Amino acid sequence: MDEEPERAKRWEGGYERTWEVLKEDESGSLRATVEDILFQAKRKRVFESHGQVRLGMMRHLFVIIDSSRSMEDQDLKPNRLTSTLKLMEYFVEEYFDQNPISQVGIITTKNKRAEKLTDLAGNPKKHIAALKKTVDSTCVGEPSLYNSLNLAMQTLKHMPAHTSKEILVVFSSLTTCDPANIYELIKTLNGLKIRVSVIGLSAEVRVCTILTRETGGSYNVILDESHFKELLMLHVKPPPASSSSECSLIRMGFPQHVIASMSDQDAKPSFSMSHLDSAGEPGLTLGGYYCPQCRAKYTELPVECKVCGLTLVSAPHLARSFHHLFPLEAFQETPLEEYEGESINLCLFRFCEACQGELKDKSVFTCLACKKVFCVECDLFIHDILHCCSGCMQTDRTS
Amino acid sequence: MASDDEINILVIVIDVNPIWWGQQAQREPQFTLSTCLDSLMVLANAHLVMSRTNKLAVIANLYQNSHFLYPSKQWKLGDEISTSSDGKYELLSVTNDLFAEEIKNLMDRTEVSGSQTESLLAVSLAKALCYIHRVSKDVQAGQDVKSRILVIKAAEDSTLQYMNFMNVIFAAQKKNILIDACVLDADSGLLQQACDITGGLYLRIPQKIALTQYLLWVFLPDADQRSQLLLPPPVHVDYRAACFCHRNLIEIGYVCSVCLSIFCNFSPICTTCETAFKMPLPQMAKTKKKKVKTAI
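Residues numbered from 1 in each chain as written. Chains lettered and ligands numbered in written order. Predicted model: local features only at pLDDT ≥ 70, side-chain atom pairs only at ≥ 80, totals over all residues. Heavy atoms only, no water.

Novice: Help me understand the interface of chain B and chain A in this model?
Specialist: Interfaces are frequently sized by the accessible area removed from exposure as the parts join. Counting residues at the interface gives 58 residues for chain B and 60 residues for chain A. Approximately 5700 Å² of surface area, both sides summed, lies buried where chain B meets chain A, with 65% of it carried by carbon and sulfur atoms. Between the two partners, chain B and chain A, sit three salt bridges. Linking chain B to chain A there are six residue pairs in polar contact (both at pLDDT 80 or more). (Contact = heavy atoms within 4.5 Å. Buried area = accessible area lost by both parts, 1.4 Å probe. Salt bridge = Lys/Arg side-chain N within 4 Å of Asp/Glu carboxyl O. Polar contact = N/O pair within 3.5 Å; in protein donor to acceptor, adjacent residues only side chain to side chain.)

Novice: What is the right way to look at the state of the cysteines in this model?
Specialist: What is meant by a disulfide is a covalent connection between two cysteines, made through their sulfur atoms. Residues and elements named next belong to chain A. What the rule picks out here adds up to zero disulfides over all chains. Here Cys-305 is not cross-linked by a disulfide; its sulfur's nearest cysteine counterpart is in Cys-294, at 3.4 Å. Its relative accessible area of 3% is what places Cys-305 among the buried residues. (Disulfide = S-S within 2.5 Å. Buried < 20%, exposed > 50% of the residue type's maximum accessible area, 1.4 Å probe, protein only.)

Novice: Would you mind showing me how to read the side chain of Lys127(B) here?
Specialist: Mapped onto the elements, Lys127(B) comes out in helix H5 (residues 122–137). Given a relative accessible area of 4%, Lys127(B) falls into the buried group. Those residues in contact with Lys127(B) that lie beyond four places of it in its chain are Glu353(A), Ala354(A), Gln356(A), Ser390(A), Gln394(A), Ser66(B) and Phe68(B). (Helix = DSSP H or I, 4+ residues; strand = E, 2+ residues; numbered from the N terminus.)

Novice: Would you take a moment to explain the packing of aromatic side chains for this structure?
Specialist: In this description, a pair of aromatic rings is defined by centroid distance and the angle of the planes. Evaluation of the coordinates by the stated rule reveals seven aromatic pairs over all chains. Their ring planes at 35° and their centres at 5.9 Å tell us that Phe91(A) and Tyr95(A) sit as a pair that is tilted. With Phe91(A) and Tyr95(A) both in helix H2 (residues 80–98) and four residues apart, this pair spans about one turn of that helix. The burial state of Phe91(A) is the same as that of Tyr95(A); both residues are buried. Taken together, a centroid distance of 5.6 Å and an interplanar angle of 50° make the contact between Phe68(B) and Tyr131(B) tilted. With Phe68(B) in strand E3 (residues 65–70) and Tyr131(B) in helix H5, this residue pair connects regions lying 63 residues apart in the sequence. In terms of burial, Phe68(B) and Tyr131(B) fall into one category: buried. Aromatic ring contacts, followed pair by pair, group Phe91(A), Tyr95(A) and Phe96(A) into a single cluster. The ring of Tyr90(A) has Lys229(A) lying over it, and the distance from NZ or CZ to the ring centre is 4.4 Å. Over the aromatic face of Trp20(B) sits the side chain of Arg27(B), whose NZ or CZ is 5.7 Å from the ring centroid. (Phe/Tyr/Trp six-rings, centres within 6.5 Å; stacked < 30°, edge-to-face > 60°. Lys NZ or Arg CZ within 6 Å of the ring centre and 35° of its normal.)

Novice: I tried to follow the sheet that holds strand E7 (residues 249–253) of chain A on my own but got confused; where do I start?
Specialist: Two strands in a sheet stick together by hydrogen bonds in their backbones, pointing the same way (parallel) or opposite ways (antiparallel). Taken in spatial order, the five strands make up an open sheet running E13(A)-E14(A)-E7(A)-E9(B)-E10(B), and their pairing is mixed. Every other strand in the sheet has two partners, leaving strand E13 (303–304) of chain A together with strand E10 (262–263) of chain B as the edge strands with one partner each. In this structure, E13(A) lies alongside strand E14 (residues 311–312) of chain A, joined through two bridges in antiparallel fashion. Paired with Val303(A) across the bridge in E14(A) is Leu312(A). (Pairing = 2+ DSSP bridges.)

Novice: What is the right way to read the nonpolar core from this model?
Specialist: Judged by nonpolar contacts, the single largest core of 82 residues is most densely connected at Phe374(A), Leu386(A), Val11(B), Leu129(B), Ile149(B) and Phe165(B). Ranked by residue count, the leading element in this core is H5(B), at 10 residues. If you count residues domain by domain, this core takes at least three from each of domain 1 (6–76 + 85–227) and domain 2 (240–278) of chain B. In terms of nonpolar packing, the next biggest core, distinct from the first, is built from 42 residues, Leu48(B), Val58(B), Leu98(B) and Val218(B) among them. (Core = buried A, V, L, I, M, F, W, Y, C linked by side-chain atoms within 4.5 Å. Domains from an automatic or database assignment.)

Structure follows, in structure tokens:
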């Protein structure tokens, strides 16, 4: 198990002279360097365009949150647990935004036991409500990595083979209390093709290193809160599918939204199937989504029909994932001086193609396909949120 | 009601497909492109007058190309603003003049080709979003920015732009930008979805001559004021998916787990990503072994 050469630790390398980054200009001001650093910070994003790699679109992710005594530490304000839960709420929202047909479940571990906070579900509201309630809970005892992984595995092993099964552990303690050999569990996880990633809040723990290395996940330790957020956001994007996951055709239903009004003769108020287990007030509603196979009613999509087992989605849910499959190429960065702009009425125009603002930054970005020029803000906006180039849309005829 | 802390940005996207407008002028001579643009100018002026901090942009959409009518690039460099002679608020007269000049220039230099009867609005919407993004960044701290896009649609939808259109809709929803639609002729499924997802208003105008009325009564109030008005009810949006093989709307379909393309029938190979699927084997019934009784 220890064949892989260990990476050199940071304290083993030579020291870096970080003060040499700052350079003063003739008048003694640091402004140029500071602007440069800010500009680089805007552009800092890991651009791993996967291109032709297959991504796991339907994801079943379990998040294991450590609730042991070390989470009361106040190095993250106000304490680690509150900070983690707040970031988890943001993570859940972003996750369902980018992966609308996936599911998330939350497990907490403390006192040498593991407990399921929420089951695997596709609706963000339940998870966010549960996370909000957990802020008041006490952090006591030691976590148990084995028990929590086992609990997650019990549910994940029944999931169909074409989905991507993942576990994300937020681990802050340096110890774990396990009833059995965790290396056996790691072998079982490997056999079930479950990918485990860990975000450490304290320091690197060897068993986590081995766990993530064997199952193919990633292990990172946070530096501060913004780094924590960045690491969490890395898990929002769908990971490359492992070669062993099978591809199959999944049968799905696309129900129509029926809005019946009181004046309709046939409209009868009815219960929605999603309210069967909820303790909230049972709502009798007139309209809703009817499963095309068994006519059971639901108020929201996406959902798995409790009666007949058909997955119900709407077409926009699938469309949300399209930008992962056809990602936009990165734009090429060129200095502003090299771009000549168009000349209209003998004046030189340098405008951003998308927002029509004047180009004032140090460098401009050119789309390689349509050769149109964009400013740095539009480049960030287009690649993060918009996912389509307005220049390319004007030239090609197909979507 | 309008305070200095709130900035309302309205971006109007007008579809100026020459073929549709040409046919329209022959059908109904009272309602042509110039009357439509007059109505738009009324709405634009009304919006600018509602509050000192309101901002406006107008984009014209011509087949696949889009062109900013206001604010225009030439205005920035060559400031030849004619001062108004009739005492009108100067911003309004400047806006109107520029608007008229730009649309004339645009129409002059466009070549009409008979095959382009559909309009692809995704380009203009994408540019509108980038413009709003830039303007939102330029405001001072403490000011709230509320923005919306009003689309005036004339010609028919084109199915070529489905993916780009959906990307634009999701981006607008993420940035809380409403997309309203004022449809002159045929219903547009894409715009209905856009209005439903972003929370905007979709209206198909029964009488085109009364465009000014509809614009001022329905589309001028911004999002906060809409809760106090009785507006046209939301339309029923068809969210069923179309299968990739026949383009029929289906209720139950098969989705490829790799590329998310939708099929109406089970097939062993996905046509989009060419992955072979596992075929579900028919269940083999177990035959009971009959014990042969040996004669004793």
